[in-house]
Each structure stands twice: as structure tokens, then as C-alpha cells.
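What follows is each chain in one-letter form.
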Amino acid sequence: MQSLQKNDKPTASSHAAIIRARNLSRTYTLGESRITGVDAVDLEIAAGELVLLTGVSGSGKSTLLSLLAGLDRPTAGELTVAGRDLSQASGASLDDYRRHVVGMVFQSFNLMPTLDVLENVCLPALLAGRPMADVRKRATELLGWLNLGPRLAHLPAQLSGGEMQRTAIARALINDPAVILADEPTGNLDSRNGAVVIDLLTELNRASGKTIVIATHGGLADKAATRRIRLGDGRIQWDG
Ligand SMILES: Nc1ncnc2c1ncn2[C@@H]1O[C@H](COP(=O)(O)OP(=O)(O)OP(=O)(O)O)[C@@H](O)[C@H]1O
Ligand SMILES: [Mg+2]
């Protein structure tokens, strides 16, 4: 466990927080103008939560998820996930973080078009240096659990949207991350396939204790959430 900073209140949630942001900001500079992505966000998410990130288009959901994913760096503030300080991390340690700590699921699936289903799922584990035989076994098990057993040798273009997103979920799980980040994971799916994806994420949260953060416009995940955080203009909006 990390040592407490001077100003931390020693609450139960701060002890268990797996994600902790302090004054976290990401601004973009385009010519003369500065655009706010995320603005001075303070946030603690405890291990095992399933958090919904809501807010209108442009409110900062994807920017915040990219920071949590180690795909982007904050321009100010602090961010710690699973004990790793992402605001100060080198490029190499962010690579390592993305391979071992987080799994990402995107609206547009982001599968490699020239790799088949099994290869797409194996890739992050092979990049992490794990042995091929173990990786193929684990990937095949995951894909079986996701009802993709008969699709292992298919290319992404030969899959339905729901199958592509289930492949992406298997890929996100292959390195057994503690945290799963999903950016509009149901945005390109019909309501039935969207519900399947939310049920899978819920099961991963309940049965495997994964901490999950889902950016979403829709209400599909409302019932599954332990908490809902609304962003507006890059800031957390407190209701009431
Ligand atoms: N690479 C970038 N360069 C400049 N501005 C950006 C960049 N990425 C995001 N922004 C801006 O940051 C703000 C937050 O964008 P973000 O994509 O995080 O919103 P969002 O809540 O995910 O929206 P949506 O619901 O449409 O996906 C917007 O004003 C957006 O235009
Ligand atoms: Mg977005």
C-alpha cells in the first residue's frame, strides 16, 4: 500500500482506491487557442467498482479514459493507477502499464484487420513476452467463454459487430488486467448486442472483481453501475 500524503484523509475509500486523480488536466493547444479536454478533475475509484462516465459530446469522457489508459499524458495534475504514477511515467513504463494493468475496449473495436480473431486476442500477450503455447490456450478459453469458439480463424471483416466487440473484450482480458476501460463499447451495436456486451462487463466486475470504467451515452449499463460520474466541460458535475 502507498504511504499517505499529508493532505489525504484516511478514509476507507482512499485506502482502497485503485484509480486516483488529483487536479488532473489535459489541455490541447491549437494555434492561438487552448481547448480543455479534462479540467482539474479530482477522482478516486475503489478497486472493484463499475463506474459509468456520462456527459454530453465533448465533455471529456474519451480524454479522461485516454489518460487512465496511459494512451495520453496529463498537462497538469497527478494520476495514479494500481500504484503506478502515470503523470511522471516514461514512455517505456507507460508501454508496460498498458500491457499489464489496463485493458481497453473501444466503440470502433480497433481490431487488426489482417489478423484473425485468435491472433488479435493473442497479440497483446505476445507483445508482453508471454510464451506462445500459454497465450493460445488462454485466448482459446476466453474466446470459448465469449461464444466465439467457431470464429477463431475468421478475419474481423467476416464478423458481426457484436462478434467484433466480443473479440475486443477477449483481447482486453488476455493479460488479466486489474482495470478495464471501455469507451462507448455499445455505440456501434444494436440494443441486443449492446446488452450482451454490458452483461459481459458486469460479469467481469462481479465474478472476477475487475475495476471497470465505461464511458457511455446510453442507459444500458445503469443497473450494473456502482457509481455514475457526469462530466461537463471537462469537469466533474456534482448533482443536486
Ligand atoms: N486531439 C485533440 N485536439 C484538440 N482538441 C481535442 C482533442 N481531443 C479532444 N479534444 C477536445 O477535448 C474536448 C473533450 O473531447 P472528448 O473526446 O474527451 O469528449 P467526449 O466526452 O468523449 O465526447 P463524445 O461523447 O462525442 O465522444 C472536446 O472539446 C474536444 O474537441
Ligand atoms: Mg468520446
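Scroll up to find the structure this text is about.
Conventions used here
Along each chain, the written sequence defines residue order, and numbers are assigned to residues from 1. Chain A is the first chain written and ligand 1 is the first ligand written, with later ones labelled in order. Only residues with pLDDT of at least 70 are given local features in this predicted model, and only at 80 or more are side-chain atom pairs given and counted; all residues enter the totals for whole chains, interfaces and linings. At least two DSSP bridges between two strands are required for those strands to pair. We count a stretch as a helix when DSSP gives it H or I for four or more residues in a row; a strand needs E for two or more, and each element gets its number in order from the N terminus. The axes are straight lines fitted to the C-alpha atoms, using for helices just the contacting stretch, and the angles between their N-to-C directions are given from 0 to 180°. By the convention adopted here, residues are in contact when the distance between their C-beta atoms, placed from the backbone, does not exceed 7 Å. Here, nearness means that the C-beta atom of a residue, built from backbone geometry, sits within 6 Å of the molecule or strand in question. Amino acid classes used here: Ala, Val, Leu, Ile, Met, Phe, Trp, Tyr, Cys and Pro are nonpolar; Asp, Glu, Lys and Arg are charged; the rest, including Gly, are polar. Multiplying 1.5 Å by the residue count of a helix minus one yields the expected span of that helix. Three exposure classes are used, based on other C-beta atoms lying within 10 Å of a residue's own C-beta, which is placed from the backbone: buried for 20 or more, exposed for 12 or fewer, and partly exposed in between. For this quantity, the arc is that covered by the directions from the helix axis to the C-beta atoms.

Undergrad: Would you take a moment to explain the sheet that holds strand β3 (residues 50–54) for this structure?
TA: The strands that make up a sheet pair up through hydrogen bonds in the backbone, lying either parallel or antiparallel. The 6 strands lie next to each other as β6-β7-β8-β3-β9-β10, forming an open sheet whose pairing is mixed. Where the open sheet ends on each side, the last strands, each with one partner, are β6 (102–106) and β10 (235–237). When the angles between neighbouring strand axes are averaged without regard to direction, this sheet yields 25°. Strand contacts of helix α2 (residues 61–68): β3, β7 (179–183), β8 (211–215) and β9 (227–232), with the helix running at about 150° to β8, the strand carrying the most contacts.

Undergrad: In this structure, what is going on with the site of ligand 1? I would like to understand it.
TA: Surrounding ligand 1, one finds Y28, L30, I35, G37, G55, S57, G58, S59, G60, K61, S62 and T63. Considering each element in turn, the shell around ligand 1 owes the most residues, 3 residues, to α2. Split into classes, the residues belonging to the shell around ligand 1 amount to 3 nonpolar, 8 polar and 1 charged.

Undergrad: What is the right way to look at helix α5 (residues 132–145) in this model?
TA: Side chains of residues three or four places apart in an α-helix project in the same direction, reflecting 3.6 residues per turn. A rise of 1.5 Å per residue sets the reference length of α5, with its 14 residues, at 20 Å; its end C-alpha atoms lie 20 Å apart and thus fit the reference within 8%. When we look at burial in α5, the residues that qualify are V135, A139 and L143. Buried residues of α5, seen end-on, are gathered within an arc of 60° and therefore sit on one face of the element. Summarising the geometry of α5, the exposed residues directed more than 90 degrees from the buried face are A133, D134, K137 and E141. Contacts made by the buried residues of α5 are with α4 (117–127) and α6 (161–173). Just past α5, the residue N147 takes up positive phi, approximately 60°.

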